[in-house]
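Residue strings, one per chain:
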Amino acid sequence: MEEKNMQEILQKAEVLIEALPYIQRFNRKIIVVKYGGSAMVDEELKKSVIQDVTLLKLVGFKPIIVHGGGKEISKWVGKVGMEPEFINGLRKTDAATMEIAEMVLGKVNKSLVQMVEELGVNAIGISGKDGGLLKVDKKYSNGQDIGYVGEVKEVNPKILFDLLEKDFLPIICPVGLDDNYDTYNINADDAACAIARAVNAEKLAFLTDIEGVYKDPADKSTLISELTVSGAKDLIEGGNIGGGMLPKLNNCIDAIDNGVSRVHILDGRIPHCLLLEIFTNRGIGTAILGDSDEKFYKEEA
């Protein structure tokens, strides 16, 4: 029994040692985490995500969370007797829906703040309205009016730099203002990408309901651990990427082209996926990097 216990202790030590070069490399660097999908609905997954981000903060990272809330918004729209309406996959947001969306996102935002605070880290929840963080233009879908849905045109990251400097963990809900100071809902992926560019983040991590990027979406054994920007473009041009992955991958390419060092697409349904991707020699999702960047994960023998 004692030998078995010693083996378990040594294995824990090996895990910590494996994490050391990653902690050294990314110490004091900004990482933006886009938090959405099933990991926002399942309470146990929610706890594991918040634990992961809190740990990143405590070992020297500077994390920023950008969260969605689409499923929760749809639930509350239904509760008040309205039918969610989507055009080309985008939620049509009239004035009444925008009012509900902002209330729901605010509720989600403060619940995440509460969870982080319970783990002993100071967090502040803000929206894109605060400090002029997110300025938007009205977004159209193939020329169709989809209401109060915004396209980020400008990011003022000063409030984020101020909060990070004072050792707070910012948690952002994707709501912004246009030039007339009207309120707009923003796709959380788009908001996270724009914020990551503006703060020159070392990493941008998307928590999703898929395992990552595949060479062949029909073959689960073709998951790509690391993918260059040119490789991602080849997959798109070859017709290998479709559905919700297409705009996500375009966001990843855009982020890399605008100074973000590395983008990760992770399966948020896996507990502690962030830690497994960032602190181990072989990640569990897909890491996207610039064409000239050195691959970081070690190939299995």
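Just so it is clear, the structure is predicted and the values come from calculations on it, not from any experiment.

Where do I start with helix α4 (residues 95–118) in this structure?
Because the α-helix completes a turn every 3.6 residues, residues three or four places apart line up on one side. Compared with an ideal rise of 1.5 Å per residue, which puts 24 residues at 34 Å, α4 spans 35 Å between its outermost C-alpha atoms and is within 8% of the ideal. Within α4 the residues assigned to the buried category are T97, M98, I100, A101, V104, L105, V108, N109, L112, V113, M115 and V116.

Quick question: what am I supposed to make of the nonpolar core here?
One recurring pattern in soluble globular proteins is that nonpolar side chains are buried together. Counting 43 residues, the largest nonpolar core has V32, L204, V213 and V263 as its most contacted members. Once residues lying within four places of it in the same chain are set aside, the contact partners of L204 are V32, A192, C193, A196, A255, V260, R262, V263 and H264.

Would you mind going over the sheet that holds strand β5 (residues 123–127) with me for this structure?
The strands making up a sheet are joined through hydrogen bonds of the backbone, oriented either antiparallel or parallel. In spatial order, the strands read β5-β8-β2-β1-β11-β13-β14-β12; together these 8 strands make up an open sheet with mixed pairing. In this open sheet, the two strands that pair with only one neighbour each are β5 and β12 (226–228). Ignoring strand direction, the axes of neighbouring strands in this sheet form an average angle of 20 degrees. Two strands pair when backbone bridges link them, and strand β2 (residues 62–67) and strand β8 (residues 169–173) are joined in this way by 2 bridges, in the parallel orientation. Bridging from a neighbouring strand, V66 pairs with I172 of β8. On the sheet, helix α7 (residues 229–237) packs against β12 and β14 (286–289) and is oriented at approximately 85 degrees with respect to β12.

What's the story with the pairing of strand β11 (residues 203–208) in this structure? I'm lost.
The side chains of a regular strand alternate between both faces of the sheet. For β11, the buried fraction is high: 6 of the 6 residues fall into the buried class. In β11, alternate side chains face the same way, and those of K203, A205 and L207 on one face and L204, F206 and T208 on the other are all buried. For strand β1 (residues 30–35) and β11, the ladder comprises 4 bridges, and the chain directions are parallel. Its bridge partner being in β11, I31 is matched across the sheet by K203. As paired elements, β11 and strand β13 (residues 262–267) share 6 bridges and run parallel to each other. From the neighbouring strand, L207 faces β13, where its bridge partner is L266.

So what exactly am I meant to see when it comes to the environment of L133 here?
With respect to the helices and strands, L133 occurs in the loop between β5 and β6 (134–141). Taking the C-alpha atoms as reference points, L133 and G176, separated by 43 residues in sequence, lie 7.6 Å from one another. L133 has contacts with I126, S127, G128, E154, V155, N156, P157, I159, L160 and I172, leaving out every residue within four places of it along the chain.

I would appreciate a short explanation of the packing of aromatic side chains in the present structure.
Think of a pair of aromatic rings as described by two things: how far the centres are apart, and how the planes are tilted against each other in angle. A complete count under the given rule lists 3 aromatic pairs for this structure. Ring geometry for F26 and F61: centres 6.1 Å apart, planes at 40 degrees, overall tilted. One end of the pair, F26, is in helix α1 (residues 2–26); the other, F61, is in the loop between α2 (43–58) and β2, with 35 residues separating them in the sequence. A ring pair is formed by F61 and F279, whose centres lie 5.7 Å apart and whose planes are at 75 degrees; its orientation type is edge-to-face. On the criterion of sequence distance, the pair formed by F61 in the loop between α2 and β2 and F279 in helix α9 (residues 273–279) is long-range, its members being 218 residues apart. The pair F61 / F279 is uniform in exposure class, with both members buried.

What is the right way to look at the environment of A13 in this model?
Inspection of the secondary structure assignment puts A13 in helix α1. A relative accessible area of 36% places A13 in the partly exposed class. Note: C-alpha distance between A13 and E277 (264 residues apart in sequence) is 18 Å.

Basis of the calculations
Residues numbered from 1 in each chain as written. Predicted model: local features only at pLDDT ≥ 70, side-chain atom pairs only at ≥ 80, totals over all residues. Heavy atoms only, no water. Helix = DSSP H or I, 4+ residues; strand = E, 2+ residues; numbered from the N terminus. Expected span 1.5 Å × (residues − 1). Buried < 20%, exposed > 50% of the residue type's maximum accessible area, 1.4 Å probe, protein only. Core = buried A, V, L, I, M, F, W, Y, C linked by side-chain atoms within 4.5 Å. Contact = heavy atoms within 4.5 Å. Pairing = 2+ DSSP bridges. Axes fitted to C-alpha atoms, helices over the stretch in contact; angles between N-to-C directions. Phe/Tyr/Trp six-rings, centres within 6.5 Å; stacked < 30°, edge-to-face > 60°.

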